[in-house]
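Summary of structural features
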Amino acid sequence: MSADLILRNARFTTLDRSNPHASAVAITGGVFIAVGQEQDVMPLAGPSTRVIDLKGRRVLPGLIDNHLHIIRGGLNFNMELRWDGVRSLADAMAMLKRQVAVTPPPQWVRVVGGFTAHQFEEKRLPTIEEINAIAPDTPVFLLHLYDRALLNAAALRAVGYTTDTPDPPAGEIVRDAQGNPTGLLIAKPNAGILYATLAKGPKLPLDYQLNSTRHFMRELNRLGVTGAIDAGGGFQNYPEDYAVIEKLAAEGQLTVRLAYNLFTQKPKGEKADFLNWTKTSKYKQGSDYFRHNGAGEMLVFSAADFEDFRQPRPDMPPEMEGELDEVVRILAQNRWPWRLHATYDETIARALDVFERVNRDIPLAGLNWFFDHAETISDRSMDRIAALGGGIAVQHRMAYQGEYFVERYGAAAAEATPPIGKMLQKGIKVSGGTDATRVASYNPWVSLAWLVSGKTVAGLRLYPQRNCLDRETALRMWTENVTWFSNEEGRKGRMQVGQVADLIVPDRDYFSCPQDEIADTTSDLTLVGGKVVYGAGDFAGLDQGAPPPAMPDWSPVRTFGGYAAWGDARAARQSGDRRKLALSCDCAKACNIHGHDHAGAWSGTLPISDLKSFWGALGCACWAV
């Protein structure tokens, strides 16, 4: 058999324990047919075989995100200004100003999660006054994690929040002394008010949503993601909101392999949802590129303990067990696996009571069910999960919320949130992901850096070394380990004969680069099923699969790209130059807002006549330098 494609002259980390290193691979029909040394692989080259020299580079299996809201994220990606990876609030606000200038009415400018105030040098969010100064007429919606949202005056007018608007049951519309909404929305204790307000914004038409989803997949490919499990999401209705991804799958335009879970949408209607879906949908239906993966992450609303560490831990209501029991029995009877969002051990322990009771009547053996998140899980709960044959899917939410957790519960309590090392020691199935796009960034390398270093994106060391992973174990968390969670073990996750040919060539050697550079990694070459879906740097000439320009023409993606505004050379250059100035500054007058980034204050990104008075009123001392 001659190969369709041979990749040679590389250092392949295969993750196949019987064949851990290779210098060449051969691919036919999207599957590895040979993984080994060049002298063994090159004889498979025929007259029509394409041979690519990888120039001695490190090659890894493609990364698979165990928890990504890719369907919802794709529908909206082209409308969102991403602050993921932006390191200063001054830069973020400059981006916002530029986007406001090109966004036509009645469209909004949306910054929808993926960042934390702690990542900024200024260590704060913008004020509503600052947003209003930039955008007096264009609605701006800014979501910070799942704890709050900032709306400028134009956005308040667009959503219709007034003195007469009542607070929803689980949220707060913050008001001034006269009872007028200020523009700050607080999640108490769940994110319902944030979901509902964002849903009031304009939506993209179908053809734009198709384009948007392709651009989101392209951004993921740029970061080395070749697969994901979609965890459903709030206001993501089945089957209506799946039409776009199904159309792309049918047309062969998916560049990320996707397994999807079905997420109930109606409180008190969860049983009806799953009775209907288990009759109309079939577990595992689909292909290697798009397949059904069971239920969750929301099974019943009474079991949802949202992860806002700025609020006290919510107590689940007494009806939780009964409602959860009804749904889990339906799933077990139909042999559907499930995933369940659970932040706190108190919720996990109560859910396990239900799972154990169902198991006595309907054995759960062979069902790949699992908990998501599990930041405060106890030893006892881990043992119970292991005994039932379940798994735990962890995500890097603490990389974005670790400071808030420490503030509420203390550094000692944060040392194992979650206790990944102990989970692995107990033999539990464990894998890694992001929970993007709102709670955290979709960048997988941030997760890998967090797993290895134990640090937040702001640099706070959360975990002692015993709860950190070596680089190979962390990589396995993002590759072969994820396949159990989609019931695809032996099909992907390693570079091994018979597995699908998904691989990446990172722009640096993951195994030898400095630890603090892991999060900055991107991919120079990404293959899915042996097909090049992204190329850059030395391999830019191989990239022929880019989607058409982002639609609409005012999309933030056209200017900024995605993570860390990589597409905007001007912003990157200015940010780099200013950072160099700040680092070289030897003055003794660091200010409360900009630190030593005096150029950030002097640049005048805010449309006001007297910058000195404006910044001075906020405590800026750059004017005294």
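For the structure, check the block above.
Let me begin by describing the structure that accompanies this report. (Residues numbered from 1 in each chain as written. Predicted model: local features only at pLDDT ≥ 70, side-chain atom pairs only at ≥ 80, totals over all residues. Heavy atoms only, no water.)

Attention shifts here to helix H11 (residues 345-361). The terminal C-alpha atoms of H11 lie 25 Å apart, and with 17 residues this matches the ideal 24 Å at 1.5 Å per residue to within 8%. Buried residues of H11: Asp345, Thr347, Ile348, Ala351, Leu352, Val354, Phe355 and Val358, and no others. Against helix H10 (320-333), strand S15 (339-342), strand S16 (370-373) and helix H12 (379-388) lie the buried residues of H11. (Helix = DSSP H or I, 4+ residues; strand = E, 2+ residues; numbered from the N terminus. Expected span 1.5 Å × (residues − 1). Buried < 20%, exposed > 50% of the residue type's maximum accessible area, 1.4 Å probe, protein only. Contact = heavy atoms within 4.5 Å.)

Our next topic: the sheet that holds strand S8 (residues 140-144). Spatially, S7-S8-S9-S11-S10 is the arrangement adopted by the 5 strands of the open sheet, whose pairing is mixed. On the outer flanks of this sheet lie strand S7 (109-112) and strand S10 (171-175), each paired with one strand and no other. When the angles between neighbouring strand axes are averaged without regard to direction, this sheet yields 15°. Bridging between S7 and S8 involves 4 bridges; their strand directions are parallel. Note that in S8 the partner of valine 111 across the bridge is leucine 142. (Pairing = 2+ DSSP bridges. Axes fitted to C-alpha atoms, helices over the stretch in contact; angles between N-to-C directions.)

Under the counting rule described, the total for this entry stands at 27 aromatic pairs. Plain terms: the ring middles of tryptophan 83 and phenylalanine 115 are 5.3 Å apart, the flat faces sit at 70° to each other, and that makes the pair edge-to-face. On the criterion of sequence distance, the pair formed by tryptophan 83 in the loop between helix H2 (70-76) and helix H3 (89-102) and phenylalanine 115 in the loop between S7 and helix H4 (128-134) is long-range, its members being 32 residues apart. Overall, the relative accessible area of 0% leaves tryptophan 83 in the buried class. By relative accessible area, phenylalanine 115 is classed as buried at 0%. Ring centres of tyrosine 195 and phenylalanine 235 lie 6.2 Å apart, and the angle between their planes is 55°; on these two criteria the pair is classed as tilted. Here tyrosine 195 is found in helix H6 (residues 192-198), whereas its partner phenylalanine 235 is found in the loop between strand S12 (225-230) and helix H8 (243-250), with 40 residues between them in sequence. When its relative accessible area of 15% is taken as the criterion, tyrosine 195 is described as buried. A residue is classified by how much of its surface remains accessible, and phenylalanine 235, at 49% relative accessible area, is partly exposed. Grouping aromatic residues by their ring pairs yields a cluster made of Tyr238, Tyr242, Tyr260, Phe274, Trp277 and Phe290. Note that arginine 257 overlies the ring of tyrosine 289, its terminal NZ or CZ placed 4.3 Å from the centroid. (Phe/Tyr/Trp six-rings, centres within 6.5 Å; stacked < 30°, edge-to-face > 60°. Lys NZ or Arg CZ within 6 Å of the ring centre and 35° of its normal.)

A few words now on the pairing of strand S19 (residues 503-506). A two-sided burial pattern is seen for S19, the buried positions comprising Leu503 and Val505 on one face and Ile504 and Pro506 on the other. Direction of pairing for strand S5 (residues 50-61) relative to S19: antiparallel, over a ladder of 2 bridges. Directly across from proline 61, in S19, lies its bridge partner leucine 503. Sheet topology places S19 next to strand S20 (residues 523-528); 4 bridges connect them, and they run antiparallel. Considered in S20, the bridge of leucine 503 is made with leucine 527.

Turning our attention to empty space enclosed by the protein. In this structure the tally under the stated criterion is 6 cavities of 30 Å³ or more. Lining the largest cavity we find 20 residues, and of these Tyr146, Tyr195, Glu297, Phe306 and His341 sit closest to its centre. Here the residues of the lining of the largest cavity sort into 7 nonpolar, 7 polar and 6 charged. (1 Å grid on protein atoms, 1.4 Å probe; cavity = no way out; pocket = protein on both sides within 12 Å on 5 of 7 lines; lining within 4 Å. Points joined across faces, edges and corners; volume = space filled by probe spheres on them. Nonpolar A, V, L, I, M, F, W, Y, C, P; charged D, E, K, R; others polar.)

Should their charged atoms come close, side chains of opposite charge can pair. For the structure on display, the rule yields 48 salt bridges. When the shortest N-O distance is used, the salt bridge between aspartate 147 and arginine 148 registers 2.9 Å. Each member of the pair aspartate 147 and arginine 148 is classed as buried. Here the salt bridges do not stand alone but share partners, grouping Arg17, Glu472, Arg476, Glu480 and Arg494 into one network. (Salt bridge = Lys/Arg side-chain N within 4 Å of Asp/Glu carboxyl O.)

In this structure the tally under the stated criterion is 0 disulfides. The thiol of cysteine 468 is unpaired, and the distance to the nearest cysteine sulfur, on cysteine 513, comes to 16 Å. (Disulfide = S-S within 2.5 Å.)

Below, the discussion takes up the environment of glutamine 333. In this fold, glutamine 333 is placed in helix H10. For glutamine 333 and leucine 462, which are 129 residues apart along the polypeptide, the C-alpha to C-alpha distance reads 41 Å.

Residue pairs three or four apart in sequence face the same way in an α-helix, which turns once every 3.6 residues. A maximum bend of about 45° is found in helix H13 (residues 397-409) at glutamate 403. Of the residues making up H13, those classed as buried are Arg397, Met398, Ala399, Tyr400, Gln401, Gly402, Glu403, Tyr404 and Phe405. As for H13, its buried residues are in contact with S8, S15, S16, strand S17 (391-395) and helix H15 (444-453). Glycine 410, located one to two residues past H13, shows a positive phi value of around 100°. (Bend = angle between axes of the 7 residues up to and from the residue.)

Right, let's get into the nonpolar core. Within the largest apolar cluster, 128 residues are counted, with the highest numbers of intra-cluster contacts made by Trp83 and Phe355. Residues within four places of phenylalanine 355 in sequence aside, it is in contact with Leu324, Val328, Trp338, Leu340, Leu364, Trp369, Phe371 and Leu388. Grouped together as the second largest cluster of nonpolar side chains are 24 residues, Ala155, Ile173, Tyr195 and Met298 included. (Core = buried A, V, L, I, M, F, W, Y, C linked by side-chain atoms within 4.5 Å.)

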